[in-house]
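# Coordinate inspection notes
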Amino acid sequence: MKFPYLKEAVKSAFKKPSTEIYPIVNKVAPVGYRGKIVYHADKCINCGMCIRVCAPGCITRTIEKVEDGDKITFNFYQGQCTFCSMCADFCPKDAIELTQDYHLAVTDRDDLIVSGTFIKKAPPKPPVPPQAPAAPAADKKTE
Ligand code: SF4
Ligand code: SF4
């Protein structure tokens, strides 16, 4: 009986592993890698460009009226994201970043949602123009 792979198996048992054990060895992704999304709500101007260019439609926006303006929330659903970077490339304010972080394994899809909120202040109300003085009432003619 021949065991053609036995010699190879014994040799391999004493060799260094050809792969690295993740997450014990945590590799840094190369520059330009498009990973986890970071949304900088403080830079966003609510232009909506990112929503328009996102082909899978994974960016949503909700607007809620609050006392001093609008409360705007953006959600990025990374579970359906293709990491194409179109949203970041078209954002005029660099409010979206695709980082080198590739740790995206989760057990709950909701953990992949990236959210950010900011208040867009309402413009100041224009001053009320001064009221013109009321015209004096016309004298009634007595007969
Ligand atoms: S990277 Fe692409 S798919 Fe993902 S949110 Fe941005 S535009 Fe949409
Ligand atoms: S493109 Fe940029 S500035 Fe415009 S809504 Fe999206 S995140 Fe905000």
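Our subject is the structure that appears above.
So, here is what we can say about the structure in this document. Just so it is clear, the model here is predicted, and its values are computed rather than measured.

Basis of the calculations
- Residues numbered from 1 in each chain as written.
- Chains lettered and ligands numbered in written order.
- Predicted model: local features only at pLDDT ≥ 70, side-chain atom pairs only at ≥ 80, totals over all residues.
- Heavy atoms only, no water.
- Phe/Tyr/Trp six-rings, centres within 6.5 Å; stacked < 30°, edge-to-face > 60°.
- Helix = DSSP H or I, 4+ residues; strand = E, 2+ residues; numbered from the N terminus.
- Buried < 20%, exposed > 50% of the residue type's maximum accessible area, 1.4 Å probe, protein only.
- Pairing = 2+ DSSP bridges.
- Salt bridge = Lys/Arg side-chain N within 4 Å of Asp/Glu carboxyl O.
- Axes fitted to C-alpha atoms, helices over the stretch in contact; angles between N-to-C directions.

Enumeration over the complete set of coordinates arrives at four aromatic pairs. Ring geometry for Tyr 22 against Tyr 102: centres 6.5 Å apart, planes inclined by 45°, an arrangement best described as tilted. Here Tyr 22, found in the loop between α1 (6-13) and β1 (37-39), pairs with Tyr 102, found in the loop between β4 (96-98) and β5 (113-121); they are 80 residues apart in sequence, far enough to count as distant. Using a relative accessible area of 25% as the deciding quantity, one classes Tyr 102 as partly exposed.

For strand β2 (residues 59-66) and strand β3 (residues 69-77), the ladder comprises eight bridges, and the chain directions are antiparallel. The residue bridging Ile 59 from the neighbouring strand is Phe 76, located in β3.

Evaluated as defined, the whole model comprises three salt bridges. Lys 36 is the partner of Asp 101 in a salt bridge, and the nearest nitrogen-oxygen pair spans 3.8 Å. Taken together, the residues Asp 101 in the loop between β4 and β5 and Lys 36 in the loop between α1 and β1 connect sequence positions 65 residues apart. When its relative accessible area of 30% is taken as the criterion, Lys 36 is described as partly exposed. Taking the shortest distance from any N to any O, the salt bridge between Asp 70 and Lys 65 comes out at 2.7 Å.

As a further point, take the sheet that holds β2. Taken in spatial order, the three strands make up an open sheet running β2-β3-β5, and their pairing is antiparallel. In this open sheet, the two edge strands, each paired with only one partner strand, are β2 and β5. Strand after strand, the sheet turns through a mean of 20° between neighbouring axes, direction not considered.

As far as function goes, none of this settles anything; it's purely spatial.
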